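A closer look at the structure
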Amino acid sequence: MENIELYVPSKFMSYSTSNDGVLMLYSSITGAIGAVPADQAKEAKTALRRSSRIPTPQGGVLKDLVDGGFLIPEGTDEEALRKSIYLGKYNRHSLQLIILPTEECNFRCVYCYESFERGTMKHELVEAIKSFVEAEHNKNELKEFSLSWFGGEPLLASEVVVELTQFFYEFCISRKIQFTCGITTNGSLLTPELVESLVPYGLGFFQITLDGIGEEHDKKRVAIDNKPSFERIITNLRYLKSTSYIYVVSLRHNYDPNGLQSLEQFIEFLQSEFGGDPRFTTAFEAIGTWGGANDDALSVCDGKSAAHSRMRAKRLAIEAGFHNTFQVESFQPNGYICYAANPRSLVVGADGRLYKCTVELDYHDRNVVGQLHSDGSADIDWRKMALWTETNGNAFDGKCSTCFFSPSCHGAICPKQWMEQAECECPPEKHAMSESLQLLRLESELPASISLASIAQCTK
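Calculation notes
- Residues numbered from 1 in each chain as written.
- Predicted model: local features only at pLDDT ≥ 70, side-chain atom pairs only at ≥ 80, totals over all residues.
- Heavy atoms only, no water.
- Helix = DSSP H or I, 4+ residues; strand = E, 2+ residues; numbered from the N terminus.
- Rg over C-alpha atoms; globule rule 2.2 N^0.38 Å.
- Contact = heavy atoms within 4.5 Å.
- Buried < 20%, exposed > 50% of the residue type's maximum accessible area, 1.4 Å probe, protein only.
- Polar contact = N/O pair within 3.5 Å; in protein donor to acceptor, adjacent residues only side chain to side chain.
- Pairing = 2+ DSSP bridges.

Before going further, it helps to examine the overall build of the chain. Regarding its fold elements, the chain presents 18 helices and 16 strands. Radius of gyration (C-alpha) of the chain: 23 Å, near the 23 Å computed for a compact globule of 460 residues. Taken along the three principal axes of its C-alpha coordinates, the chain extends 75 × 50 × 45 Å. For the chain, restricting intrachain contacts to residue pairs at least 6 apart in sequence, the fraction spanning at least 24 positions comes to 72%.

Turning our attention to unusual backbone geometry. Here the bond from Gly 151 into Gly 152 is cis, since omega is 15 degrees, no more than 30 degrees from zero. Within the fold, Gly 152 resides in the loop between strand 8 (144-149) and helix 5 (158-175). You will see that Phe 326, though not glycine, has its phi angle at about 60 degrees, which is positive. On the secondary structure map, Phe 326 appears in the loop between helix 11 (303-319) and helix 12 (327-330).

Its place among the elements puts Ser 408 in helix 14 (residues 406-409). If we ignore the near neighbours within four places in the chain, the residues touching Ser 408 are Tyr 26, Ser 28, Ser 330, Phe 331, Gln 332, Pro 333, Asn 334, Gly 335, Tyr 336 and Ile 337.

Take the side chain of Gln 327 next. Residue placement: Gln 327 occurs in helix 12. Given a relative accessible area of 3%, Gln 327 falls into the buried group. Looking at Gln 327, its side chain comes within polar contact range of the side chain of Lys 314, at 2.8 Å. In this structure Gln 327 touches Lys 314, Glu 429, Ser 436, Leu 440 and Glu 443, once residues within four positions along its chain are discounted.

As a further point, take the sheet that holds strand 6 (residues 71-73). What the three strands build is an open sheet, ordered 5-1-6; its pairing is antiparallel. At either end of the open sheet lies a strand with only one pairing partner, and these are strand 5 (54-55) and strand 6. Sheet topology note: the strand 1 (residues 6-9)/strand 5 ladder contains two bridges and is antiparallel. What sits directly across from Tyr 7, in strand 5, is Ile 54.

Set out below in structure tokens:
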């Protein structure tokens, strides 16, 4: 008698039914996100019941469920697959550097946690970074190199940003390395001249925060000279929009309970300025007590209120025509792993200190994992590195080892939180999976967005 291969539901998937009867599905082990029409939803749900065992589908919706990884061959070792995905972060052919060209800043945001102790990176350290990456390539044959600019305000040291961005753009082209480059900046110094010096050389991602319109923004993101900054930032963004370059701008909004009251007005403003341009995306985060001097005076959203308000903000932005920054990417395997948990990611301070976390910096000795020297060599404390790369929810058969969302974050969304608390918070999208899937469906109806992957190809 011929053996018939049977298929069973994956344990790493989730689904929910929309108000119109459409079945939304998500597989965290394949990253597949799908929608089953209402007239086929019953058949799909029957196949996805935990006790279901069905013969190999030959077509139709059940074949689609197999192709997406929602149905898998009986006996598949999904735990082995999950572990294999997790081990992908040890890929020696990739490297990420997050560089602080200066720790000084021309803003004093009310929720900021930084101390602004060190100024512009010295020239010998700039040369050392070049040598370090060259040595990494010679040793590991790099296929991917990601360069991120952080601060302080990195454009206060614009000469460093320009020199290294242009150098690594040419370096990667000549060696056929996929190059991606991004910057977290307050946008006040992003002049047309700097745009023209950076974007043609691979700088394809900008995170720029706007905490409201006009005075509302200026009260939270206070310029060091107390002069208004909102209009200056908008003027710079308008120039960026006027160009034909390929890039992504993540317009980040850090909100508190007061800011939520004017959320609709803020999104209407964004729509009037940047609506219809898929290069402009949105990101929303609740202001938290992140270790700054003003923590006790801050009014914050936390817990369920923060998650609910974030979902509401995302929906309003999508309805206004904006994609959510990295929303789809975060649902992919390993998509929610923190950069600090990546053993191939380092933060380079303005004095050459090597860190893992840009929030902790040198406020705690465990985060100072090494030192970059002027000759490009680096001393790295691998015991400290292990604290960041191996502290996650996979240990002790905890909640993360059995969670359907595990292949996306592996409990490694924030190693810092695991080191300080008994348990780490789960990604908010996991807690609100049904709403998250509905937002992804709504977002899929928008004009196609631009991804960092496509930017990397275009700059080569």
